[in-house]
Amino acid sequence: MNLQILNETLKIFQQGYYLKDDKRIPLLLAPSERETIHVYLPEDVMIVGRRLNQTAQKTRNGKCRFSCVNMDSITAARNLVKETSDNDRRVLVMNFANAFHAGGGVRIGANAQEEDLCRKSSLLLSLESVTAKKYYLYNNSIYTPMGTDALMITPQVEVIRDENNDLLDEPFIVSVLTCAAPDLRRGMNGMTQSGYQQMFYQRIKGMLQCAASLGYRELILGAWGCGAFRNESRLVSGLFARAFRELGETVFDKVVFAVMDRPGKEENFKVFSRCFNGTLLDETDGEPAATSGNMDVQVADIFPKKPQKTVFSAVLGDITKDHGVEAIVNAANTSLLGGGGVDGAIHRAAGRELLEECRKLHGCRTGEAKITGAYRLPCRYIIHTPGPVWNGGSSHERELLASCYRSCLELALQNHIRSIAFPSISTGVYHFPVQEAARIAVATAKAFAEEHPGCFDEIKWVLFDSRTLQIYEGTL
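Residues numbered from 1 in each chain as written. Predicted model: local features only at pLDDT ≥ 70, side-chain atom pairs only at ≥ 80, totals over all residues. Heavy atoms only, no water.

*Asks:* What is the right way to read the nonpolar core from this model?
*Replies:* Nonpolar side chains tend toward joint burial in soluble globular proteins. Among the nonpolar cores identified, the biggest contains 51 residues, and Phe240, Phe244, Phe252, Phe257 and Phe272 are the most heavily contacted of them. A total of ten residues in this core trace back to one element, the largest contributor, which is helix α9 (residues 193-213). (Core = buried A, V, L, I, M, F, W, Y, C linked by side-chain atoms within 4.5 Å. Buried < 20%, exposed > 50% of the residue type's maximum accessible area, 1.4 Å probe, protein only. Helix = DSSP H or I, 4+ residues; strand = E, 2+ residues; numbered from the N terminus.)

What follows is the structure, encoded as structure tokens:
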């Protein structure tokens, strides 16, 4: 069915018209206009960023309005085009591109966002043009699943189908920005978590700078890379928010995040809606308070103004099981290559892939922390920290233990992790007195949460025996 729709679309653009209700609808663009595309390699993106005219931003009036809608990008674009009264100002739609093949898998019937755009519009004609080959040759010459900062802008894309693939009563024109998100299906490709995050942020920022430099003021974005590419929606939405803050609130007029999730599987929409609709989830039923996405917010309001209080708790259990947190902490040794106790249990539960990633981290010093994926564990991340061995308290053990907790929480903060579970670090074979360890752990975590209000929903300790649990509960 997908291939049939694609072939019909290409035939329409070849003949220059289509029939709707026995009416002949002429197309708007000439063949040469449909194929026009501009390629920006990473060095071009950097130049645009440096040359972006900041004085032009300061002279504009008004502030950017953000919203999030649960619909496909073409429908969101159509709605925004109707709202845009100035015919000279075009809506820019983001294409979640395949970095290596024009149109992704559209020619074999694939069904991701890029393929859907190609079946509904003239986009594929520009992606398969001679000019666009420069983009694909560059990405294929590097060939990394992380993709590159290269991007393309098709200034005129003619849309002829609606969200149901039915032909429109009349076509409309948008611009399309094509860029590939990092593909995490094969892991981090040797990158550290912080390196990956910084790379992703720079790509988002460069993309927005290019859009701004070309005069685009209305954007249709989305949960970029949060589907098949497995990027975490909380991180991606946070990186977008950071980029908008840095660019300034007068660069764009309106930004719509079109995040289409299936009923019952609306996690990406909920996360982006929380960030860009200015609405928190309704505590009564867990659904977004504004499902239509018609609440506009300013840049300063893209995160809630009144932070929620962090919940602290201690529970009895196995930290490798599901405790409803995004990250767990591993009381590791300095090699990060596994050991006994909690360290060994986490490595066994996560699988060999964890050991392979840890080998690339080249160890970790006592009191510091490093982050990895969680692989087969029921969370997203593992934060590894080597605790101090107790030698009577004369070798800075207390300071090092406090540093373990601070380092873990700093990594969590950097990676937009809002819920984290700790074991009782150093109180096993390292023989740190449990009563004193609990006091240091709780005091450090509470102080850090107070320094960063609203950044953590939950900090908990998952403890293996009832005596340790009783001590932590009493300390809390």
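*Asks:* What am I meant to see in unusual backbone geometry here?
*Replies:* Residues apart from glycine generally show negative phi values, whereas peptide bonds are mostly found in trans. In this model, Asn165 sits at a positive phi of 70°, which is unusual for a non-glycine residue. When you line up the elements, Asn165 lands in the loop between β6 (151-161) and β7 (167-179). The buried category is assigned to Asn165, whose relative accessible area is 18%. Even without glycine at this site, Tyr375 takes up a positive phi of about 55°.

*Asks:* Explanation requested: the pattern of salt bridges in the structure shown.
*Replies:* Two side chains bearing opposite charge may form a pair once their charged atoms approach each other closely. One pass over the full model with this rule turns up 16 salt bridges. Of the charged contacts, one joins Arg418 and Asp457 as a salt bridge, the two residues approaching to 2.9 Å between their closest N and O atoms. Highlighted residues: Arg418 in the loop between α14 (397-414) and β14 (419-422) and Asp457 in the loop between α15 (434-451) and β15 (458-463), separated in sequence by 39 residues. The buried category is assigned to Arg418, whose relative accessible area is 18%. (Salt bridge = Lys/Arg side-chain N within 4 Å of Asp/Glu carboxyl O.)

*Asks:* It is not clear to me how the pairing of β14 should be interpreted in this structure. Could you clarify?
*Replies:* Two faces make up the sheet, and in a regular strand the side chains alternate between them. Alternating positions in β14 separate into two faces, Ser419 and Ala421 on one and Ile420 and Phe422 on the other, with burial throughout. As judged from the two bridges shared by strand β11 (residues 327-332) and β14, these two strands associate in the parallel manner. Among the inter-strand pairings, Ile328 is bridged to a residue of β14, identified as Ala421. Between the parallel pair β14 and β15, the chain is carried across by α15, and the sense of this crossover is right-handed. (Pairing = 2+ DSSP bridges. Right-handed = clockwise from strand over helix to strand, strands pointing away.)

*Asks:* Would you explain the packing of α15 against helix α16 (residues 466-475) in this entry?
*Replies:* Between two packed helices, what matters for the description is the angle formed by their axes and the separation of those axes. Following both chains from N to C, one finds α15 and α16 inclined at 45°, their axes separated by 9 Å at the closest point. One way to sum up the angle between α15 and α16 is to call them oblique. Where α15 crosses over α16, the handedness of that crossing is right-handed. Residues Val434, Gln435, Ala437, Ala438, Arg439, Ala441 and Val442 of α15 pack against Arg467, Thr468, Ile471, Tyr472 and Thr475 of α16. (Axes fitted to C-alpha atoms, helices over the stretch in contact; angles between N-to-C directions. Parallel < 35°, antiparallel > 145°, perpendicular 65-115°, else oblique. Left-handed = near helix turned anticlockwise from the far one by under 90°. Contact = heavy atoms within 4.5 Å.)

*Asks:* Just to check I follow, could you spell out helix α8 (residues 133-142) for this structure?
*Replies:* Because each turn of an α-helix spans 3.6 residues, side chains separated by three or four positions in sequence point in the same direction. Along α8, the residues that are buried comprise Tyr135, Tyr136 and Asn139. Each buried residue of α8 sits inside an arc of 90° when the element is viewed along its axis, so together they form one side. Residues of α8 that are exposed and point more than 90 degrees away from the buried face comprise Lys133, Leu137 and Ser141. Structurally, α8 contributes buried residues whose contacts are with β3 (38-40), α6 (113-120), α7 (123-127), β6 and β7. (Arc of directions from axis to C-beta.)

Read these as geometric descriptors, not functional statements.
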